[in-house]
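Descriptive structure summary
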Amino acid sequence: MAEEVIPDNLEIADELIAERRQEKPGETPEDMTPWQRPITGAIDVLNDWAGKILCLLMVPLIGVVVIEVFSRNAFGIMADYGWDDTARALGLGPTQFAYDISRMIAGVLFMGAAGYGLMRGVHIRADFLYRNWNNKTQATVDAVLYMAFFIPSMIFFTIIAAQYWELAYRTGETAFDSPWEPVLWPARLAMPIGGLLLALQGIPELFRAFHKMGKERERYFVMALPVYVIALVWLVMAVFAPDMTPGGDWFTDLMKARPGLSKPTIGLIMLGAMIFVIFIGFPISFTLIFLAFIFGIWGSNFKLTTLLMTLNTNSTMLNDQLMAVPLFILMGIVMEAAGLMERLFASIQMIMARVRGSLYIAVLIVSTIFAAATGIVGASVTLLGIMAGATMSRSGYNVQLAAGTITAGGTLGILIPPSIMLIVLGPVLEVSTLDLFRGAFIPGALLASLYLLYTLGRCWLNPELGPILPDEDQPKTSDFYGAEVALISMGVLTICRVFGLGIGGAFGGVIPFGGLIVLAAVMALALRAYRNLAVLRIAMPLAILFHGYMIVANMGAGIPWMSVAMFGLIVILSVLAMPIYRADAADRFSFSELWDEFFAGLMPPTILISFALGSILLGLATPAEAAAMGAFGAILLSVMYRKFTFPGFFDNLIKSLEITVLIMFLVASSNFFGAEFSSLGTPKMMTELLLSLDMSPYLILILVMALIFVLGWPLEWVPIVLIVVPILLPTVEKLELHGLDRYDLMVWFGILVAVNLQTAWLSPPVALSAYFLKGVVPNWDLKDIYLGMMQFMLIQLVGLILILVFPQIVLWLPNQVFGG
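As the structure is a prediction and not an experimental result, all values here were calculated from the model.

1. Some thoughts on the overall build of the protein
Counting its secondary structure elements, the protein contains 36 helices and zero strands. Residues counted as buried form 55% of the 820 residues belonging to the protein. Considering only contacts within the protein whose residues lie at least 6 apart along the sequence, 80% involve residues at least 24 apart. Entry remark: accessible area of the protein is about 33,500 Å², with carbon and sulfur atoms responsible for 68%.

2. Section: the pattern of salt bridges
Scanning the model with the defined rule gives 18 salt bridges in all. The partner of Asp584 in a salt bridge is Arg582, and the shortest N-O contact between them spans 3.3 Å. Using a relative accessible area of 22% as the deciding quantity, one classes Asp584 as partly exposed. Note on Arg582: relative accessible area 39%, which makes it partly exposed.

3. Comments concerning the packing of aromatic side chains
Going through the model one piece at a time under the given rule, you end up with 23 aromatic pairs. Taking 5.3 Å as the distance between ring centres and 75° as the angle between the ring planes, the aromatic pair formed by Trp35 and Phe207 counts as edge-to-face. Taken together, the residues span a long stretch of sequence, with Trp35 in the segment before α1 (36-55) and Phe207 in helix α8 (residues 190-213) at a distance of 172 residues. A relative accessible area of 42% means that Trp35 is categorised as partly exposed. Ring geometry for Phe673 versus Phe677: centroids 6.3 Å apart, planes at 10°, classification stacked. You can see Phe673 and its partner Phe677 sitting in helix α28 (residues 646-679), four residues apart, about one turn around the helix. What makes Phe673 buried here is its relative accessible area of 2%.

4. With respect to the side chain of Thr316
Among the secondary structure elements, Thr316 is positioned in helix α13 (residues 302-317). For Thr316, a relative accessible area of 2% puts it in the buried group. A distance of 2.8 Å separates a polar atom in the side chain of Thr316 from the backbone oxygen of Asn312. Setting aside anything within four residues of it in sequence, one finds Thr316 in contact with Phe110, Leu322, Met664, Val667, Ala668 and Asn671.

5. What to know about the nonpolar core
It is characteristic of soluble globular proteins that their nonpolar side chains tend to be buried jointly. Phe328, Met392, Ile663, Trp748 and Phe749 are the most contacted members of the largest nonpolar core, which has 252 residues in total. No other element matches the 17 residues that α28 contributes to this core. Core analysis: the next-biggest nonpolar cluster, separate from the first, contains five residues, Ala74, Phe75, Met78 and Leu92 among them.

6. Structural notes on the packing of helix α4 (residues 97-112) against α8
Direction vectors running N to C along α4 and α8 enclose 20°, while the axes themselves pass 8 Å from each other. Taken together, the axes of α4 and α8 lie roughly parallel to each other. With respect to the hand of their crossing, α4 and α8 are arranged in right-handed fashion. When α4 is examined against α8, the residues Val108, Met111 and Gly112 are found in contact with a partner set consisting of Ala190, Met191, Gly194, Gly195 and Leu197.

7. A look at the environment of Gly404
Relative to the assigned elements, Gly404 resides in helix α18 (residues 399-415). Remark: the alpha-carbon pair of Gly404 and Gln791, spanning 387 residues in sequence, is separated by 7.0 Å.

8. Description of unusual backbone geometry
In this model, Glu430 sits at a positive phi of 60°, which is unusual for a non-glycine residue. Along the chain, Glu430 turns up in the loop between α19 (420-429) and α20 (433-461).

9. What about α8?
The terminal C-alpha atoms of α8 lie 34 Å apart, and with 24 residues this matches the ideal 34 Å at 1.5 Å per residue to within 8%. Gly214 occupies a position one or two residues after α8 and carries a positive phi of about 100°.

10. A word on the side chain of Thr411
Among the secondary structure elements, Thr411 is positioned in helix α18. Thr411 sits in the buried class, given a relative accessible area of 0%. A distance of 2.6 Å separates a polar atom in the side chain of Thr411 from the backbone oxygen of Ala408.

11. A closer look at helix α24 (residues 561-576)
An α-helical segment advances 3.6 residues per turn. Residues three or four places apart therefore align on the same side. If you check α24, its first and last C-alpha atoms are 23 Å apart, about what 16 residues at 1.5 Å a residue would give, namely 22 Å. Among the residues of α24, those classed as buried are Ser563, Met566, Ile570, Leu573 and Ser574. The buried residues of α24 occupy one face: seen down the axis, they fall within an arc of 105°. Of the residues in α24, the exposed ones pointing more than 90 degrees away from the buried face are Trp561, Ile572 and Val575.

12. Section: a nonpolar patch on the surface
Taken together, the side chains of Val229, Val233, Met237 and Met244 make up a nonpolar region of the molecular surface, amounting to roughly 380 Å² of accessible area. Topologically, Val233 is positioned in helix α9 (residues 215-240). By relative accessible area, which is 45% here, Val233 ends up partly exposed.

13. Focus: the environment of Phe290
Along the chain, Phe290 falls in helix α12 (residues 284-299). Relative accessible area serves as the criterion here: at 12%, Phe290 is assigned to the buried category. Sequence separation between Phe290 and Pro152 is 138 residues, and the spatial gap between their C-alpha atoms is 7.6 Å. In this structure, Phe290 is in contact with Ala148, Phe149, Pro152 and Ser153, ignoring residues within four places of it in sequence.

14. Section: the confidence of the model for the protein
In this model, the protein carries an average pLDDT of 82, and 90% of its residues clear a pLDDT of 70 or more. The least confident element of the protein, judged by mean pLDDT, is helix α22 (residues 514-531) at 68; the most confident is α1 at 94. Low pLDDT, under 50, characterises residues 1-19; the predicted model gives this stretch 63 contacts beyond four residues in sequence or across chains.

What counts, and where the lines are drawn
Here the residue numbering is sequential within each chain, running from 1 through the sequence in written order. Confidence filtering applies because this is a predicted model: local features only for residues at pLDDT of at least 70, side-chain atom pairs given and counted only at 80 or more, and all residues used for totals across whole chains, interfaces and linings. Only hydrogens and water are removed before side-chain values are computed, so all heavy atoms of the structure are retained for them. Only runs of H or I of at least four residues qualify as helices and only runs of E of at least two qualify as strands under DSSP, and these elements are numbered from the N terminus. Throughout, exposure labels follow a simple rule: accessible area from a 1.4 Å probe, protein chains only, divided by the maximum for the residue type, with under 20% read as buried, over 50% as exposed, and the rest as partly exposed. Here, residues are in contact when the closest pair of their heavy atoms is within 4.5 Å. Values of accessible area rely on a 1.4 Å probe in the Shrake-Rupley scheme; residue burial ignores everything except the protein chains shown. By salt bridge we mean one thing: a side-chain nitrogen of Lys or Arg within 4 Å of a carboxyl oxygen of Asp or Glu. For Phe, Tyr and Trp, rings pair up if their centres lie within 6.5 Å, where Trp contributes its six-membered ring, and each pair is then called stacked (planes under 30 degrees apart), edge-to-face (over 60) or tilted (otherwise). Each polar contact in these results corresponds to two N or O atoms within 3.5 Å; when the atoms are within protein, one needs to be able to donate a hydrogen and the other to accept it, and residues that are neighboring in sequence are counted only if both atoms are side-chain atoms. Among the buried residues, those of types Ala, Val, Leu, Ile, Met, Phe, Trp, Tyr and Cys that are joined through side-chain atoms within 4.5 Å form a nonpolar core. Only the stretch in contact is used when a helix axis is fitted, and all axes are lines through C-alpha atoms; the angle between N-to-C directions ranges over 0 to 180 degrees. Geometric relationships in this document are graded by angle, where less than 35 degrees denotes roughly parallel, more than 145 denotes roughly antiparallel, 65 to 115 denotes roughly perpendicular, and other angles denote oblique. The sense of a crossing depends on the near helix, which, turned anticlockwise from the far helix by less than a right angle, makes the crossing left-handed and, turned clockwise, makes it right-handed. Each helix should span, by expectation, one fewer than its residue count multiplied by 1.5 Å. The arc in question is the one spanned by the directions pointing from the helix axis to the C-beta atoms. Patch membership is restricted to residues that have no salt bridge and whose relative accessible area is over 30%. Joining uses 9 Å for like charges and 5 Å for the nonpolar side chains Val, Leu, Ile, Met, Phe, Trp and Tyr. Values of pLDDT, ranging from 0 to 100, describe the predictor's confidence in every residue of the model.

Here it is as structure tokens:
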């Protein structure tokens, strides 16, 4: 049998890569065939240097975008106060170059480093069958598929990309969708170079497969290599120069032959071949490229196929929405590496220490905040396991419920913005990533609330599942700890309310930069009250008056129920805080030190969320710009907390590059496959067949969701979003559901898919979350982890059903609040 996954070797910074290659670039096994070792080592080192150089491009990518956002918004603010001339004199205002330079850098980043990604072993495969084979079988399948699929497809891609680049260079082609109109050939050069590096890396991978299968079987492959090389040369010439190749005309006629098969039928064969090869376990990206190329020529023609290949790769490289992928990934990895979430978890744990199930509450709160700050599942699950696992075991918490809480909380990163999956899903659905972000907020909060209610409900019914922390783990607090909690809650709510009013321009008509000035004044008062009981006694009635005034101020459009509810909550908190007015309060009341830790842990993710999501939702930046601001903010926080080192930052860049290559190369290859599949007319045929059935549109949607749910067991979200969803999309677009137009239907469907795909993280046998958690809490049995995860899968299904029945859970925020 194949070796089991070793949890300790899992890379915690990425939810998609189960095992990176452990040996250093250039290292080869001592017993590898001698003539293969120098070739393998040299090509590995070449791609290693390419990756190390290209990862540095993230720095200017961040810089260019941050300059654009700052310059544009500074100009807008100054123009609002009539300082246009001063702003122009300072060189502020929208730039022409930032849009084009940033997307070109992002395109070069993933395309040029594709070979590095293969060398590091990061290209994704569905290996749930593959992993059960012995080493010899795995190696044989790898060798056959590298020779049959990978090497030919990469040679085809490199030649076509070189022709595409040469045309752009010769004609001086410029970007038609930009006022700057830069020439495109410098960025397109990454396509043939990246393809060449990728094709070259196939040689070491083939040699590694030879070594893995053993000398006896390797001998047969080596003997066949000369014949293979000759056949490969002939195939390439027959495809690209049939007139100059013996048998070229015969091959051309063969590729045009369709023995009684229609184009849609050829597409079905293409789909079946794709499923078969992917489930064998070969890397998905390369499978898609080869199959799309071969079946495209068979079903259509060579010219259309090559055109679709180059256009789809180029459009992926220059897609400004997908530019956010490497930047959000970098933001999350820098955040995780800085180790700032541990402080937040420890403080919340102490605050809730007197509540049953306090560790469940702490895990879910931290996971929700961490999801909003990073969007990376693997990092969340691993960090939560490290922070909470040992404490939960020591405190006598139920292992199954603890494991389910940690893994379910970690999966919120798929849904809560800035979700990498939503960024990738936006272009697939042809909707704004911004609207997907907005639509995901309430469902994310709904799922987090359902998780919380479930865990607390279980603890209420059976207190042994989450006992109160032992005395040695209880924090030191004042005699009036309830008043501490009430006053902190009141202060946070008031500051958030003032912040929202300031952002909405409520104070702008009073004084310049009124929002910032009023917020700063309230913050200063809160900090002063935090340290001074006399000021605190004055600040509390002021807060009550402020919230009461907000009811009066908003009475014009009817009863402001939100303001009324907020005022009622503030009054309740005020009653709980009344002990501060007792005569002995000076001796018996003070804010505990744990609140200092709480705010020290809360501020970093809050600042990041303000940098990233705030700028998106308030219309100050696009998702790509917000990603750059978030990455910039994460770096600044790392510096401020003295966690920044240049070697550590370089390692963060490398990890970000690896995940970026994995996702973006799969986006490009799946776009090519989807374009070929659509050109054959198969999606249209499948749609007409489904719609011709006497079924309710809601039943068809349920079947679609069931299919995605089932596929979430063996597959990760990437192939489902990029391959399965585009196949199903024409059918969904034709459904008449809840009276929604096409755009709202796609936003709703996108969030349904996102919630559904959380099951990929909570469902055996490919639930990497279980391995991440097992790796950091080895004393927990894998069976208990799985059983705990399955409980929360059922809760997700409840959330999915609620969203399915009530689409306004998704659509209210984009449509009503933001007028989408």
